Structures are given as C-alpha cells and as structure tokens.
Amino acid sequence: MRLWSEELEGQREEARSVVAAGMAAIAEAFAGQGEPPSDLHERAFFSRTSFAQTFPAAEGDGVDRELGGVPCRLFLPDGPASAVYLHFHGGGMILGAPVMNDPGNAALCRDHQMAVVSVDYRLAPEHPFPAGPDDGLAVATWLLEHAAEHFGTDRLLIGGESAGGYMAAAVLLRLRDELHAADRVDGANLVFGVFDWGLSPSQRGVRATDGPDMLDPEGIALFGECYLPATTLEERRDPSVSPAFADLRGLPPALFSVGTADHLLDDTLTTAARWAAAGNEVDLFVAPDMPHGFPAFPCAITTAWSRRTDAWIADILNRPARRVG
C-alpha cells in the first residue's frame, strides 16, 4: 500500500527544508512569550494569548452573524450558493476563532460559489465537552431548516482543521444519530483532525517521521485535560467523545489529510480506514515529512494538497445531492 505518489516523494527534500526554516521562525516568535504558568486554566489562557500574538489573524470581509443561537462568521457568494460549507476552526478546543481561517474560507467561497459558515463554538476550559459539539450541532440544525431560504441551497458540506476536523466529525455523527440527517451532508473535509482523545500512538510520540511538529505530547495532554477534565483515557475513547471509536456506517464521502510528522497522524490513518471499511467513500492525502498545520508551510507538497482539496470539493458539488426524498 502506497500512501503518496512518486511525485510527492520527489518533493520531500524541499518540504523538509521549508518546514525546518518555518519552524525555526515560529520557535523564535514564541521564545519571547515567557514560561507558561503551572495552573491548568492559566496555562490554557496563556496559550491563547501566545497563539494570538504569534499568529495574528488576517481578517477578511466576512460577516458576523448568529445562527441557531451561536455566533458564526459567514462568507457569501454573489447569487445563490452552490452549497453551504459548515466550517470549524482549530485550536485544540481551547483557543482559536473563525477569523483565523478568513483567507481560506474566502477562497472556498470565491472558488466554489459556496456560502461558508464558520462556527465560533465555545472553548474549554470554561466550556468543556460537550459544549463545543453542542454549538456545532445547533448551527447544523439551523442550516438544515433554513439554508435554502437564506442561501439559496440546502446542500451541505462540513469540514475543519485539527480540533475543527474533530468538531466536523463529531457534529456529523450527531446529525446521523440524533437527527437522522446524515444524508443531508454531501461531503466531509477532515484535515489533520484529532479523532482519538484517548491518545493514539502518534499522539504519544510514536510517529512515522521524527521531524519538527507544531504539536507535542505535552501540548496534547493540556488540550485533553482542559476539554475532558476528570476523565480517564478509556472514558475519552467513548464513541460519543472520540469519532475513531464510533460506528461509522452511513456517512458521506470524506477527504482525510495529514502529514507523516504530525502527532495526529494515527488519528487520520485509523479513522480513514474505519470510514472506508464501514462502506463509505474515502479519499486520503498523506503529506510525507509534513507537520501538523502543514498548509502554513508553502511548498510543492502543500500546493498539491490544495489542488487535491479543490478537485475533491468540485467533484462533490458536481454530483447529485445525497439527500433521499
């Protein structure tokens, strides 16, 4: 089984060079933030501040609006939308906001004529599980009822990056199990998501590529302690918490993307395989030597990923809607 093409294999040296330079610059930027506090909640807030200072959001022309009682950020095409893309930002469930994805969400809207709805879901530790997925489900439910009226289409795609990939999968499973509406979603774009909150091997540090990464086991432990306080690792693997352990039958086509140096590598490989074994259509993009958050490191491999993602979305939109009846 080959996880990437000969073309990507030939681009690995460039990718390693780009990642090394980019990670050195990020480390230098973080170096001025000081030592994190020992208190769990204070560490979470410290991480938020450090992230915001190091990666300031490039705010675009999105529109802030409340949908289903939850604040969201919207990008709207000219004229009726081809579909609505329900998006969830990353940040380990403790930081981040929709605005951090403004450039990418604006491009999705522009390139595919989609309305993009990015959910400003509640964050831990103030709002642990299941607050975030509850917010995501509330917005998804609103879209099922009102998207056609407000956006000119009732077609729905769902996706996100990192914790946002987790959110997309968790909300999709709840749409299926609680609303019996999995057929209302035409595709799931799951980008280096965390699907096993009980710590997959790569989360514990056993990776396929020992290159630099945006994540490490200590940071992952902080996310889990904030989002799922007072729970054992086994409890965190309950299917209602970790999508990798859920029944994955009856779900839409999915595109999974991950790098081999990502500490969430095994989350994607396991969940993508189970998604396919359950009878669903799966596309898998594995980026050799690339870390968590690899789109931030522009090189030939990230360009190939971007093209693959755009082609996958275009293919989904060119198909008939999955909705029955």
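Preceding this paragraph is the structure being described.
Cut-offs and rules
- Residue positions are counted from 1 within each chain, in the order its sequence is given.
- For a predicted model such as this one, the threshold for reporting local features is a pLDDT of at least 70, and the threshold for listing and counting side-chain atom pairs is 80 or more; totals across whole chains, interfaces and linings nevertheless cover every residue.
- The side-chain values count all of the structure's non-hydrogen atoms but skip hydrogen atoms and water molecules.
- Buried means the residue's accessible area, taken with a 1.4 Å probe over protein chains only, is under 20% of the maximum for its type, while exposed means over 50%, and partly exposed covers the values in between.
- Each helix is a run of DSSP H or I of at least 4 residues and each strand a run of E of at least 2, with the numbering of both proceeding from the N terminus.
- Two strands qualify as a pair provided that DSSP identifies no fewer than 2 bridges between them.
- Viewed with both strands pointing away, a crossover whose connecting path from the first strand over the helix to the second turns clockwise is right-handed.
- Geometry is summarised by axes, namely lines fitted to C-alpha atoms with helices restricted to the contacting stretch, and by angles between N-to-C directions that run from 0 to 180 degrees.
- Residue contacts are defined here by distance: any two heavy atoms, one from each residue, within 4.5 Å place the two residues in contact.

Draft legend 1. Inspection of the pairing of strand β4 (residues 115-119) at higher detail. Burial runs high along β4: 5 of the 5 residues are buried. Residues Ala115, Val117 and Val119 of β4 are buried on one face, and the alternating residues Val116 and Ser118, pointing to the opposite face, are buried as well. Relative to β4, strand β2 (residues 70-75) runs antiparallel, the two sharing 4 bridges. Residue pairing in the sheet places Phe75 in a bridge with Val116 of β4. Inspection of the sheet shows strand β3 (residues 84-88) paired to β4 by 5 bridges, in the parallel sense. Each bridged residue has a counterpart across the sheet, and for His87 the counterpart in β4 is Ser118. Regarding topology, helix α4 (residues 102-112) serves as the crossover connection from β3 to the parallel β4, and that connection is right-handed.

Draft legend 2. Spotlight on the sheet that holds β3. The mixed open sheet is built from 8 strands, whose spatial order is β1-β2-β4-β3-β5-β6-β7-β8. Among the strands making up the open sheet, the edge pair consists of β1 (63-67) and β8 (282-287). Neighbour to neighbour, the strand axes of the sheet diverge by 20 degrees on average, direction disregarded. Across 4 bridges, strand β6 (residues 185-191) lies against strand β7 (residues 254-259) in parallel orientation. Within β7, the position partnered with Leu190 by the bridge is Phe256. Across the face of the sheet, helix α6 (residues 163-179) comes into contact with β3, β5 (156-161) and β6 while running at roughly 145 degrees to β5. Across the face of the sheet, helix α9 (residues 265-277) comes into contact with β6, β7 and β8 while running at roughly 155 degrees to β7.

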